[in-house]
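What follows is each chain in one-letter form.
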Amino acid sequence: MLILAINPGSTSTKIGVFDGSGIDVREVYVENIKHSSEELSGYPTLASQFELRRDIIMKTIEKAGVKVSDITGFVGRGGLLRPLESGCYKVNEALLRDAEVGVQGTHASNLGGILANAVANTQGKEAYIADPVVVDELCNEARISGHPLIPRRSIFHCLNQKAIAKRHCKQNNMDYNKSNLIVAHMGGGVSVGAHRHGRVIDVNNALDGEGPFSPERCGTLPARQLIDLCFSGEYTANEVRAMIQPKGGLVAYFGINDFKEACDMAETNAEVKLVLDAMCYSIAKFIGSAAVALDGVVDAILLTGGMAHSKYLVDYITNKVKFISPVYPYPGEDELLALSAAVHRVLRGEEEAKLY
């Protein structure tokens, strides 16, 4: 049972082939296909890049010695679709249409289901997406922002959060659907989710700038000062949006989005160290608020994403929140593995695929 996972980025397409013949999936082949700016310059929209990326994927698989006809499962990363529950979804016409038009915005991940479906169609097989960023399981109280014109939205790193939560439960003989967990995904953006009995009942909108600040996002800002900035006449709407992301956080302070580089600078620069500590502090504060969402009953706090490789960051946050619950680092993120594992559960009959 071979599974092909596709994760499109703005200037790359990551693909992976995984062996699903056992209880767990095993990596067979992974490739990060780079797309130069010159190569993409002739395509005015992300959707128009579809054929280019599809053809490159097919050629790359063939070059790796994998026959598309031998692949059983096809899965792409889900994009900015309509809000939906967590799970693995069959790609259908409604999903393809919403991914192409970008019903909640334009993002490279919108191409995930489109590309998986195109490759699967060459073999007359089904394609899937799994746990896209628009998974919405918020409790009713979490939807209220304080003004009816601005409801809170659930947009976060669902794929990695769910995969890490389920991995932790499996390794510790816990039932995810009966556990209370706090998962902090810490990468270019940071999302902190309160997982109650298999549902993320509260989480910050990491795409739109809500929550802790991060290497590329400013996080929640003082509202009145932001309004004054917007109407100062010094910045356009697009410039302000860029301040929120991708030019917020460490980029705004020091012009860098490389967390490791910032850590190296902090060893000799007190100002950089202060901002890094403030970022860790802000993440810890949101972990604390997630504990409130879970009524203080927390089985574990899980730290994941690229920044979780940093012992300094993990130790800082752990010292702040260990009074709530034990803290477990799961550094990095493997979205291709998470995608393939989701389809693997469907193909093995452990979960039922949902319809969009």
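Each remark here, short or long, concerns the structure printed above.
Residues numbered from 1 in each chain as written. Predicted model: local features only at pLDDT ≥ 70, side-chain atom pairs only at ≥ 80, totals over all residues. Heavy atoms only, no water.

**Q** Describe the overall build of the protein chain, and please don't skip the residues or the numbers.
**A** A count of helical and extended segments in the protein chain gives 12 helices and 12 strands. In terms of C-alpha radius of gyration, the protein chain reaches 20 Å, essentially the compact-globule figure of 21 Å for 356 residues. In terms of principal-axis extent, the alpha carbons of the protein chain reach across some 55 × 50 × 45 Å. For the protein chain, buried positions account for 49% of its 356 residues. Intrachain contacts of the protein chain at a sequence separation of at least 6 include 67% that bridge at least 24 residues. Carbon and sulfur atoms make up 52% of the accessible area of the protein chain, which amounts to about 17,100 Å² in all. Once the 36 positive and 42 negative side-chain charges of the protein chain are each reduced to a mean point, those two points are 3 Å apart. (Helix = DSSP H or I, 4+ residues; strand = E, 2+ residues; numbered from the N terminus. Rg over C-alpha atoms; globule rule 2.2 N^0.38 Å. Buried < 20%, exposed > 50% of the residue type's maximum accessible area, 1.4 Å probe, protein only. Contact = heavy atoms within 4.5 Å. Areas by Shrake-Rupley, 256 points an atom, 1.4 Å probe, with all protein chains shown as cover. Lys, Arg positive; Asp, Glu negative; His and termini not counted. Charge placed at Lys NZ, Arg CZ, Asp CG, Glu CD.)

**Q** Break down the pairing of strand E7 (residues 180-186) for me, with residues and values.
**A** Burial within E7 is extensive, with 7 of its 7 residues counted as buried. Burial along E7 is two-sided: the residues Asn180, Ile182, Ala184 and Met186 and Leu181, Val183 and His185 are all buried. Here E7 pairs with strand E8 (residues 190-196) via 7 bridges, running antiparallel. Each bridged residue has a counterpart across the sheet, and for Val183 the counterpart in E8 is Gly193. Between E7 and E8, which pair antiparallel one after the other, the connecting turn spans 3 residues. Relative to strand E10 (residues 300-305), E7 runs parallel, the two being bridged by 5 bridges. Paired with Ile182 across the two strands is Ile301, which belongs to E10. (Pairing = 2+ DSSP bridges.)

**Q** Please set out the nonpolar core residue by residue, giving values where relevant.
**A** Leu4, Ile6, Ile15, Ile57, Ile61, Phe74 and Val119 are the most contacted members of the largest nonpolar core, which has 40 residues in total. When residues of this core are traced back to their parent elements, those giving at least two are strand E1 (2-8), strand E2 (12-19), helix H2 (50-63), strand E4 (71-77), helix H3 (93-101), helix H4 (111-121), strand E6 (127-130) and strand E9 (199-203). If one sorts the elements of this core by residue count, H4 sits on top with 6 residues. (Core = buried A, V, L, I, M, F, W, Y, C linked by side-chain atoms within 4.5 Å.)

**Q** Please give an account of the sheet that holds E10 that cites residues and values.
**A** Within a beta sheet, neighbouring strands are joined by backbone hydrogen bonds and run either parallel or antiparallel to one another. Strand order in this open sheet of 5 strands is E9-E8-E7-E10-E11, and the pairing throughout is mixed. Of all strands in the sheet, those bounded by a partner on one side alone are E9 and strand E11 (327-331). Sheet twist, expressed as the average angle between the axes of neighbouring strands with direction ignored, equals 25°. (Axes fitted to C-alpha atoms, helices over the stretch in contact; angles between N-to-C directions.)

**Q** How would you sum up H2? Please name residues and give values.
**A** Residues that lie three or four places apart on an α-helix share one face, since the helix turns once every 3.6 residues. In this model, H2 (14 residues) spans 20 Å end to end at C-alpha, consistent with the 20 Å of a helix rising 1.5 Å per residue. Taken residue by residue, H2 has Leu52, Arg53, Ile56, Ile57, Thr60 and Ile61 as its buried positions. In an axial view of H2, the angular spread of the buried residues amounts to 155°, which keeps them on one side of the axis. Projecting away from the buried face of H2 at angles above 90 degrees are the exposed residues Glu51, Lys59 and Glu62. Looking at the buried positions of H2, the neighbouring elements they touch are E1, E2, strand E3 (26-34), helix H1 (37-40) and H4. Looking at the residues trailing H2, positive phi occurs at Gly65, about 85°. (Expected span 1.5 Å × (residues − 1). Arc of directions from axis to C-beta.)

**Q** So what's going on with the sheet that holds E1? Which residues, and what values?
**A** Strand order in the open sheet made by the 7 strands is E3-E2-E1-E4-E6-E5-E12, with mixed pairing throughout. Two strands bound the open sheet, and with one partner strand each, they are E3 and strand E12 (354-355). Judged from the 4 bridges that link them, E4 and E6 form a sheet pairing that is parallel. Bridge assignment links Val75 to a residue of E6, and that residue is Tyr128. Across the sheet, H4 is in contact with E1, E4 and E6; its angle to E4 comes to roughly 160°.

**Q** Report on the packing of aromatic side chains, specifying residues and quantitative values.
**A** Per the stated rule, a full pass over the model turns up 2 aromatic pairs. Relative to Tyr253, the ring of Phe213 has its centre 6.3 Å away and its plane inclined at 40°; by these criteria the two rings are tilted. A residue pair is termed long-range when its members are at least 10 positions apart, and Phe213 in the loop between E9 and helix H6 (223-230) and Tyr253 in helix H8 (residues 249-254) qualify at 40 residues. When the ring of Tyr253 is compared with that of Phe254, the centres are 6.0 Å apart and the planes differ by 40°; the resulting orientation is tilted. Looking at Tyr253, the relative accessible area reads 53%, which means it is exposed. (Phe/Tyr/Trp six-rings, centres within 6.5 Å; stacked < 30°, edge-to-face > 60°.)

**Q** Tell me about the environment of Asn257, and please be specific about residues and values.
**A** For Asn257, the location among the structural elements is in the loop between H8 and helix H9 (259-266). Here Glu216 takes part through its side chain, which lies 2.8 Å from a polar atom of the side chain of Asn257. (Polar contact = N/O pair within 3.5 Å; in protein donor to acceptor, adjacent residues only side chain to side chain.)

**Q** Describe the pattern of salt bridges, with residues and values.
**A** Evaluation of the coordinates by the stated rule reveals 20 salt bridges. The salt bridge partner of Glu137 is Lys162, with a shortest N-O separation of 3.1 Å. Linking Glu137 in the loop between E6 and helix H5 (158-171) with Lys162 in helix H5, this pair joins segments that are 25 residues apart in sequence. For Glu137, a relative accessible area of 5% translates into the label buried. With relative accessibility at 2%, the residue Lys162 sits in the buried group. The salt bridge partner of Glu351 is Arg345, with a shortest N-O separation of 2.8 Å. Glu351 sits in the partly exposed class, given a relative accessible area of 28%. When salt bridges that share partners are traced, they join Glu85, Arg199 and Lys354 into one network. (Salt bridge = Lys/Arg side-chain N within 4 Å of Asp/Glu carboxyl O.)

Purely geometric numbers; function is a separate question.
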